[in-house]
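So you can see what is in the structure, the chains are spelled out below.
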Amino acid sequence: MKSTTLKLQSNSHRLRQYFQLAKPRVVSLIVFCAVIGMFLAVPGMVPWRILLAGTAGIALVAGAAAAANCLIEQKIDALMARTRGRPLPQGEVNSIETLLFSGLIGGAGLFMLYYWVNPFTMWLTFATFVGYAVIYTIFLKPNTSQNIVIGGASGAMPPVLGWAAVTGDAPGEAWLLFLIIFVWTPPHFWSLALYRTKEYAAAGLPMLPVTHGAEYTRRHVFFYTVGLTLVTLVPYVIGMSGWFYLTSAVLLDTMFLGYAWLIWRDYSDAVARITFRWSIIYLALLFAALLVDHYLPAW
Ligand code: HEM
Ligand SMILES: CC(C)=CCC/C(C)=C/CC/C(C)=C/COP(=O)(O)OP(=O)(O)O
């Protein structure tokens, strides 16, 4: 009896470790943005098969990409306080197990997308996987301070994937949502990098504050946030969204600009931490506003 309980406990511990490899918190916001892309693609309800298989497929492939990133970066992860506790540096799982896990869930996700959604979405999602797990993780991240700007393209793909899942197409509106996440990524990441510069330097990663200094990075956070503000107004300007979205975007942008201004002109690690946390809440609320606006009667 006691040994059965212990075995169950250790099984659930192992499951939790595998779950952690898939970076579940980041992936949940990615999936949220993809699902909103699905709803924005059509006037009425998204067909259930597309909603369920599309969501599960994109989540599985995003989780596989995150696990592949953990596999490739295990040595670097062991060097940084923020990432040291991950399952690979802790020895909770090994490289082969991680490879199998990533291949298995990624393969299952691609299969679902191909057969239950459409082949176009499967190929786009596969390209996104390669963009993050190979191009960003192996080539960009260790080699250029623009790593997250270029690599941000794969993180920005979810709304396009969602849109493609429903329509089999990727029109301009979907790419506008892509652009929002693309321009959001630098202030999101660089605010974290600013208060973790020493860790990145110790790990030998050429993140912007390591290569170009804090002042340069702080200015870039501010100007990217100005760019983000402008891009987030476009859905209203082109008639894709209405007043509810515009009001929400202006409020959210004002907060973000306020934090970004403080980062530039009155920096403290505490402000950078808050800005990083805010960037996540901001993106979730902005996409939620797009969704609510989509179903509100025209104002
Ligand atoms: C190249 C693009 C990106 C980079 C370099 C990046 C980097 C990071 C880093 C370093 C963290 C800290 C995780 C930690 O505390 O251990 C983080 C957290 C987070 N990121 Fe990003 N990110 C990117 C894109 C995205 C995208 C596209 C999304 C969602 C649409 C996203 C959502 C999140 C969320 C929700 C968290 C919080 C996770 C938590 O609380 O554990 N990120 N990001
Ligand atoms: C198929 C699909 C939708 C894929 C999505 C790709 C994906 C998981 C993008 C998220 C970006 C992300 C977790 C960046 C973390 O940066 P990092 O890896 O530099 O952070 P770390 O230092 O925490 O590992």
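Here is a short report on the structure shown in this document. Source: prediction; values computed, not measured. (Residues numbered from 1 in each chain as written. Chains lettered and ligands numbered in written order. Predicted model: local features only at pLDDT ≥ 70, side-chain atom pairs only at ≥ 80, totals over all residues. Heavy atoms only, no water.)

1. Remarks on the site of ligand 2
Logical step 1: If you check the shell around ligand 2, you find 15 residues, and the closest are R82, R86, Y132, Y136 and K141.
Logical step 2: Within the side chain of E73, an N or O atom sits 3.3 Å from an oxygen atom of ligand 2.
Logical step 3: With the chains in place, 88% of the 630 Å² that ligand 2 exposes on its own is no longer accessible.
Logical step 4: Every element with two or more residues in the shell around ligand 2 is listed here: α2 (24–40), α3 (48–72) and α6 (119–140). (Near = heavy atom within 4 Å. Polar contact = N/O pair within 3.5 Å; in protein donor to acceptor, adjacent residues only side chain to side chain. Areas by Shrake-Rupley, 256 points an atom, 1.4 Å probe, with all protein chains shown as cover. Helix = DSSP H or I, 4+ residues; strand = E, 2+ residues; numbered from the N terminus.)

2. So, the coordination of the iron atom of ligand 1
Logical step 1: Among all protein atoms, only H188 (NE2) binds the iron atom of ligand 1, sitting 2.2 Å from it.
Logical step 2: Within the secondary structure, H188 sits in helix α9 (residues 172–195). (Donors = N, O, S within 2.8 Å, 3.2 Å for Na, K, Ca; no water.)

3. Side note on the environment of V160
Logical step 1: Topologically, V160 is positioned in helix α8 (residues 158–167).
Logical step 2: Sequence separation of V160 and L124 is 36 residues, and the distance between their C-alpha atoms is 8.7 Å.
Logical step 3: Not counting chain neighbours up to four residues away, the residues in contact with V160 comprise L124, A170, A174, W175 and F178. (Contact = heavy atoms within 4.5 Å.)

4. Describing the pattern of salt bridges
Two side chains bearing opposite charge may form a pair once their charged atoms approach each other closely.
Logical step 1: Scanning the model with the defined rule gives five salt bridges in all.
Logical step 2: In this structure, E97 engages R14 in a salt bridge whose closest nitrogen and oxygen atoms are separated by 3.0 Å. In this pair, E97 sits in helix α5 (residues 95–117) while R14 sits in helix α1 (residues 2–21), placing the two residues 83 residues apart along the sequence.
Logical step 3: Here R14 falls in the partly exposed class, since its relative accessible area comes to 31%. (Salt bridge = Lys/Arg side-chain N within 4 Å of Asp/Glu carboxyl O. Buried < 20%, exposed > 50% of the residue type's maximum accessible area, 1.4 Å probe, protein only.)

Just geometry here; none of it tells us what the structure is for.
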